[in-house]
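Examination of the molecular architecture
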Amino acid sequence: ETSDIMIIEYSEAGAGLGMCADHAYCHKVPLYLIAKRGSKISTTVNSVAEKIIFYDEISDITAEFKKLISSIFENNFNALIQAFAVISSSTTIC
């Protein structure tokens, strides 16, 4: 409830990811999805996402991700550390 955003890696759908998307929606937390190009995004999750960023290689999202984070946090690194959450079972983002 106190997060500024929720970011979900959605290359592989799962009930838990849908529940997280619903939680963000119910608490008015903007939801952003990242997913491998060609991934099937459920219509429900798609309808509550602010934006979906597709990629071939995880490095493809760097520029888009930097713009997103900069616009939300305006270089406030402490807020970023407190609010940033990536939910993923298969992808690591460093």
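Keep in mind it's a predicted model, so treat the numbers as computed, not measured. (Residues numbered from 1 in each chain as written. Predicted model: local features only at pLDDT ≥ 70, side-chain atom pairs only at ≥ 80, totals over all residues. Heavy atoms only, no water.)

Some details on helix α3 (residues 62–73)
- Here α3 spans 16 Å end to end across 12 residues, near enough to the 16 Å set by a 1.5 Å rise per residue.
- Within α3, burial applies to Phe65, Leu68, Ile69 and Phe73. Down the axis, α3 shows its buried residues gathered within 105° of arc, on one side only. Opposite its buried face, α3 presents the exposed residues Ala63, Lys66 and Lys67, each directed more than 90 degrees away.
- Just past α3, the residue Glu74 takes up positive phi, approximately 45°. (Helix = DSSP H or I, 4+ residues; strand = E, 2+ residues; numbered from the N terminus. Expected span 1.5 Å × (residues − 1). Buried < 20%, exposed > 50% of the residue type's maximum accessible area, 1.4 Å probe, protein only. Arc of directions from axis to C-beta.)

Some points on unusual backbone geometry
- If you check the backbone angles, Lys28 has positive phi at about 55° while not being a glycine.
- Its place among the elements puts Lys28 in the loop between α1 (15–26) and β2 (31–36).

Some details on the confidence of the model for the protein chain
- Of all residues in the protein chain, 77% attain a pLDDT of 70 or more, and the chain-wide mean is 77.
- Across the protein chain, the secondary-structure element scoring lowest on mean pLDDT is strand β4 (residues 86–87), at 40, and the one scoring highest is strand β3 (residues 51–55), at 92.
- Considering only residues more than four positions removed or in separate chains, one finds that residues 85–94, a stretch of pLDDT under 50, has 16 contacts. (pLDDT = per-residue confidence, 0-100. Contact = heavy atoms within 4.5 Å.)

Section: the environment of Leu33
- Positionally, Leu33 belongs in strand β2.
- Note on Leu33: relative accessible area 0%, which makes it buried.
- Sequence-wise, Leu33 and Lys51 are 18 residues apart; in three dimensions their C-alpha atoms are separated by 6.4 Å.
- Sequence-distant contacts of Leu33, defined by excluding residues within four places in its chain, comprise Ile8, Tyr10, Ile41, Val45, Ala49, Lys51, Ile52 and Ile53.

Digging into the pattern of salt bridges
- Under the definition given, this model contains three salt bridges.
- For Arg37, the salt bridge is made with Asp56, and the minimal N-O distance between the two is 3.4 Å. Of this pair, Arg37 sits in the loop between β2 and α2 (43–48) while Asp56 sits in the loop between β3 and α3, placing them 19 residues apart in sequence.
- Across the pair Lys67 and Glu64 runs a salt bridge whose closest N-O atoms are separated by 3.8 Å. Here the residue Lys67 and the residue Glu64 both occupy positions in helix α3, the gap between them amounting to three residues, near one helical turn.
- Overall, Lys67 belongs to the exposed group, its relative accessible area being 54%.
- Residue classification places Glu64 among the partly exposed positions, given a relative accessible area of 25%.
- Within the structure, one salt-bridge network assembled from shared partners comprises Lys51, Glu64 and Lys67. (Salt bridge = Lys/Arg side-chain N within 4 Å of Asp/Glu carboxyl O.)

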